[in-house]
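Fold and contact review
Chain by chain, the residues:
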Amino acid sequence: MGVAVLLKQVPDTTSKISISGERVDESSVTKWSISPYDEYALENAIKLKEGGYGDVVAITCGPPRASKCLTEAAAVGADRLIHIVTDSSLDSIQIQSILSAAVKESECEIVMCGKQAADTNSGSTGPGLSSSLGYSFVGAATRVSMEGGIVSATRLGPSGPEEVEVRVPCVFTFDKGDSELRRPNVRGIMMAKKKQIDTLTPEDLGVDTSISKVIIESHSSPPEKQPGQKFVGSESVPEVVNKLREEANVI
Amino acid sequence: MVTTVISESSNGSLHPVSAQIVGAAASLGEAITVVCPGGFGSSEAAQLSGVTKVISVEGGCFETYDCLAWSKALSPLVDGTLILSSSSAIGRELIASIAAAKGIPVVQDVTGLTSGFSATRSIFSGKAIEEVSISAPCAISLRANSFEPAGSGGSAEITTIDVSQEVSVAVKKALMKASERLDVSEADIIISGGRGMGDPANFSNLNEIADLLGAAVGASRAAVDTWDDIPHSMQVGQTGKTVTPSLYIAVGISGAIQHLAGMRSSKFILAINKDPEAPIFGVADYGIVSTWEEALPPLKEHLSELLSN
Amino acid sequence: MAYEALDFYDIDSLLTEEERMVRDMVRDWVEERVLPNIEDACRDGVFPDEWRAEIGEMGILGAPLKGYGCPGLSYIAYGLICQELERGDSGVRSFASVQGSLAMYPIWDFGSEDQKEKYLPGMAKGDLVGCFGLTEPDYGSNPGDMITRAEDKGDHFLLNGAKMWITNGTIADLAVVWAKLDGDIRGFIVEKDDEGFSAPEMKGKHSLKASVTSELVFQDCKIPKDRLLPGVRGLRGPFSCLNNARYGISWGAVGAAQSCFNSAREYALSRIQFGHPIASFQLVQNKLSWMLREITKGQLLAYHIGNKKDDGSWIPEQISLAKMNNVDMALEIARMSRDIHGANGILDEYPVMRHMANLESVKTYEGTHDIHNLILGRHITGIQSFTREP
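Conventions and cut-offs
- Residues numbered from 1 in each chain as written.
- Chains lettered and ligands numbered in written order.
- Predicted model: local features only at pLDDT ≥ 70, side-chain atom pairs only at ≥ 80, totals over all residues.
- Pairing = 2+ DSSP bridges.
- Helix = DSSP H or I, 4+ residues; strand = E, 2+ residues; numbered from the N terminus.
- Axes fitted to C-alpha atoms, helices over the stretch in contact; angles between N-to-C directions.
- Contact = placed C-beta atoms within 7 Å.
- Expected span 1.5 Å × (residues − 1).
- Buried ≥ 20, exposed ≤ 12 C-beta atoms within 10 Å, placed from the backbone.
- Arc of directions from axis to C-beta.
- Core = buried A, V, L, I, M, F, W, Y, C linked by C-beta atoms within 7 Å.
- Domains from an automatic or database assignment.
- Nonpolar A, V, L, I, M, F, W, Y, C, P; charged D, E, K, R; others polar.
- Parallel < 35°, antiparallel > 145°, perpendicular 65-115°, else oblique.
- Left-handed = near helix turned anticlockwise from the far one by under 90°.

Examining the sheet that holds strand β1 (residues 2–6) of chain B
- Across the sheet, 10 strands lie side by side as β14(A)-β9(B)-β8(B)-β7(B)-β10(B)-β6(B)-β1(B)-β4(B)-β5(B)-β11(B); this open sheet has mixed pairing. Unpaired on one side and paired on the other, β14 (214–220) of chain A together with β11 (157–162) of chain B mark the two borders of the sheet. The sheet shows a mean angle of 35 degrees between the axes of neighbouring strands, direction not considered.
- In this sheet, strand β9 (residues 128–134) of chain B lies alongside β14(A) in antiparallel orientation, the contact comprising six bridges. What sits directly across from A:I216, in β9(B), is B:V132.
- Most of the contacts of helix α3 (residues 67–74) of chain B go to strand β4 (residues 31–37) of chain B, to which it runs at about 135 degrees, and overall it touches β1, β4 and β5 (51–58) of chain B.

As structure tokens, then:
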């Protein structure tokens, strides 16, 4: 019983991202926040808790500053907080090993996280954990509810939104849904302040972070936008439509 | 050294992106096996140049989408130094699940790939570019329209394998796509009209294009102030909403400073305006000097054609 | 562009994590709920009831009060709440100031146990709205000569008179009314359904339009005996309330100034004239630089007086300084910001003229600028110069 919510701390999505020394410059980030899709996971986890399912265990893996995510989660209702502290850059195997060990320790049979993180934009963690834990997987969910051991969810399937049912244990990743994200209140903030955070290292979970199979070689700013191209007359429409696909890759 | 491509299908046939992925694999000079979940598109895959083998994996579990079930069915049949898929929503989920099953790293949504492997991808929603080196064996998903597709002329052998894998996610019913139009603050594509539309009734032309693109319809302050029928909720601009879509199409909008503040952070801007001096052309990536009456019909027609392929 | 709250001397680093979380909670609420709707609320002249409920849910009303369901936050946190609310709109912050400092506080400090238990929990949740009746049509800066009076009729009090310029009056469930009982100024709790009490709304305001401003009219208004606040006599009662509200306003004005500065800076960077952004012109930089200076000074004043409120070492004159200085600088910044926006500054596309108009009220209420000036003058010289009498 219980829902494990995986939260990742990222630069706030309104932050400007600057590059220094071929790396994204963390010192220029003014605000760190919970990755937006993870917030939907947290909201849905708390809804299950309110429906009587069990406690919410919030888990984050990151540097010391990431504990702020857990305090924010506690302020809206997370019961147990786990912080795996590491400064290293991790590949998918390492991060999934760490998180699956933490999930096993928490004994939660439902795992929730965002469909992808706002920094890496990958989306590997949810499905990867499903495979290593042997839990079913429902991706891009917008809503979940539970009755008698069966979870029903609205998810984005290959041909559009669909209602699915699945039994625990299961991993759910979340997309932005209709649910309004609840705000903390003063009482929640004051209680969150007192909540203890279980702190671990990857080594405590048996994971070696010294060598990654994916190494970041460099970060750079996106190429300067090409100067605007101006066309005269509606005859240019077909050409522009092609450019929207070929050059801009927006349709 | 073998590369395995997990193919993608749409409406029972091979999705065009699969040819691009085979093309990417071919440029790395690898022998290519294509694995087709559910068998869809296997005969087309066999005809792609560079493909040496096609494995058509068939079974009841492919009737609906269950990531873990598909991953369990496919993992034993997927091998190689490099496993590739598209970075569509399902492509990513599947390859991540398979990579975890095989204990190999996965890198998603790559736009450039060289042997070694070195990969290029965007991070922070495109605000930065990342170069990574990846140790083989590994799994990589590729972004659509980033690699040249493989040509035809291949004639690979197709092997059919039947699997019986239990499905744990039951699809109960398909939901109607929400008929209400998206809000401007949520949409990835926005088409906005200004006073140059002439009449609020003419916004129906924008609605039609929005429906094609799954876009939201917005308006400039001038349009909102002039016409009661254009509500404040559609306004893009300073106190209206600030938007950051991938594509912003401005029709009959001059581009005065208040409107620009609301949309200038769009990734790409297409402007249609009959006045060649309109300030909007200063920020547009693509500008078409034309009346909306002349430009919108061909726009609708060509978008429709492009999207149905 | 995302909102950047000017914090040049990094006051943020002096805050506790709890204070930061409270500030961010209010900032996010203002961003999501107030800013998209404030111009309409202003045009329509309404204070949306949903805001009352949501402010109540956040648990920020009566911020520094302890017990009876009240938040028990630091005065710094209270200040930050006011700063973030007023960055949205002074009218929204006025709702919270009146509720917390002027209606909840007197009950909390001067009320009986029964009164505290009856009213405070509901007021902390925003379920019961309060207001503060001190100012009269003919008695503003001189509240001591008020003519609203209470007569002891044995088993009830009879109130006669009128109060004016009362924020929240028309929507209030209760009013803390100051009236003379046998020549002594006392506090009375009047409930909205009490016989002989009405609270008509004042219309036609050019300022604080998204706030309810009312008259309180007492015509042989009968209130039960248990409505008298037992714990205070004389002007000390209302003045203690005002000092708390004034403290919050010193932070609130910073929020309004930050909003105007942010808008001016963004506008100046995007407005191109003579081929250059106006932010590249020296006269514009001079104005922005002055704004940064004044906001920074104001923040430090507010933060310091907040600490003194928290450790109890404050005196009222110190609050007068902070309120007066910060409102003055905010009003000047609003005007300067409007100027930088050019003609665009008069549209409600931008928040500046709304802040400018609001700050005219904020400069006058809770002690006019001139009165605070004289409070300091008396402190410096020992000689009062409010009136001609000795």
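A look at helix α8 (residues 292–308) of chain B
- In a regular helix each residue adds 1.5 Å, so 17 residues correspond to 24 Å; α8(B) covers 23 Å between its end C-alpha atoms and thus fits that length.
- All of the buried residues in α8(B) are B:W292, B:A295, B:L296 and B:L299. Looking down the long axis of α8(B), one finds its buried residues gathered within 95 degrees of arc, a one-sided arrangement. In α8(B), the exposed positions angled more than 90 degrees off the buried face are occupied by B:E305 and B:S308.
- Structurally, α8(B) contributes buried residues whose contacts are with α6 (237–246) of chain A together with α5 (203–213), β15 (247–251), β16 (268–273) and β17 (286–289) of chain B.

Notes on the nonpolar core
- Residues A:V5, A:V111, B:V22 and C:I81 are the most contacted members of the largest nonpolar core, which totals 235 residues.
- Broken down by element, this core gets its largest block of residues, 15 residues, from helix α7 (residues 236–270) of chain C.
- Sequence-distant contacts of A:V111, defined by excluding residues within four places in its chain, comprise A:A4, A:L6, A:V103, A:L129, A:Y135 and A:V171.
- Ranked by size, the runner-up nonpolar core spans 51 residues in total, among them B:A216, B:A219, B:M234 and B:L296.

Quick word on the domain arrangement of chain B
- Entries for chain B in the domain assignment read domain 1 (2–162) and domain 2 (189–308).
- Taken over C-alpha atoms, the centre of domain 1 of chain B sits 37 Å from the centre of domain 2 of chain B.

Brief notes about the environment of C:S13
- For C:S13, the position within the fold is in the segment before α1 (17–34).
- As a C-alpha pair, C:S13 and C:L120 span 107 residues in sequence and 33 Å in three-dimensional space.

Re unusual backbone geometry
- Of the consecutive residues A:V168 and A:P169, the connecting peptide bond is found in the cis state with omega at 5 degrees.
- As for its position among the elements, A:P169 is in the loop between β11 (160–167) and β12 (170–174).
- Here B:N11, not a glycine, exhibits a phi torsion of approximately 55 degrees, which is positive.
- Looking at the element boundaries, B:N11 is found in the loop between β2 (9–10) and β3 (13–14).
- Exposure remark for B:N11: the 7 C-beta atoms within 10 Å place this residue in the exposed category.

Some points on the interface of chain B and chain C
- Across the contact, seven residues belong to chain B and seven residues belong to chain C.
- No other element matches the three residues that helix α7 (residues 257–263) of chain B contributes to the side of chain B that touches chain C.
- Broken down by class, the residue content of the side of chain B that touches chain C amounts to two nonpolar, four polar and one charged.

A short note on the pairing of strand β10 (residues 150–157) of chain A
Residues and elements named next belong to chain A.
- With six bridges joining them, strand β9 (residues 136–147) and β10 adopt antiparallel strand pairing. If you follow A141 over to β10, its bridge partner there is R155.
- Linking β9 back to β10 in an antiparallel pair, the connection comprises two residues, with G148 at a positive phi of about 55 degrees.
- As paired strands, β10 and β11 are joined by eight bridges and run antiparallel to one another. Bridge pairing in β11 places L156 opposite P161.

Focus: the interface of chain A and chain B
- Contact with chain A, which involves 66 residues of that partner, is made by 64 residues of chain B.
- Going through the elements one at a time, α3 (92–106), α4 (125–133), β9, β10, β11, β14, β15 (229–232) and α6 of chain A are the ones with two or more residues in the side of chain A that touches chain B.
- Of all the elements, β11(A) adds the most residues to the side of chain A that touches chain B, at eight residues.
- Sheet analysis places β15(A) next to β17(B), joined by four bridges and oriented parallel.

Digging into the pairing of β11(A)
- The antiparallel pairing of β10(A) with β11(A) creates a hairpin that spans two residues between the two strands.
- Here β11(A) runs beside strand β12 (residues 169–174) of chain B; their pairing, made up of five bridges, is antiparallel. Bridging across to β12(B), A:V164 finds its partner in B:V171.

Overview of the packing of α4(A) against helix α4 (residues 89–102) of chain B
- Running from N to C, α4(A) and α4(B) cross one another at 40 degrees; their axes reach a closest spacing of 7 Å. Compared by their axis directions, α4(A) and α4(B) come out oblique. Pair α4(A) / α4(B) crosses with right-handed handedness. In this structure, α4(A) contributes A:P127, A:G128, A:S130, A:S131 and A:S132 to the contact, and α4(B) contributes B:E93, B:A96, B:S97, B:A99, B:A100 and B:A101.
- Within the contact of α4(A) with α4(B), the residues separate by chemical class into five nonpolar, five polar and one charged.

Focus on the sheet that holds strand β6 (residues 56–62) of chain A
- The mixed open sheet is built from 10 strands, whose spatial order is β13(A)-β7(A)-β6(A)-β1(A)-β8(A)-β12(A)-β9(A)-β10(A)-β11(A)-β12(B). Edge positions in the sheet fall to β13 (197–200) of chain A together with β12 of chain B, since each has one partner strand and no second. Neighbour-to-neighbour, the strand axes of this sheet turn through a mean angle of 30 degrees, independent of strand direction.
- Each of β1 (3–6), β6, β8 (110–114), β9 and β12 of chain A is contacted by helix α1 (residues 36–50) of chain A, which is oriented at about 150 degrees to β8(A), the strand it contacts most.

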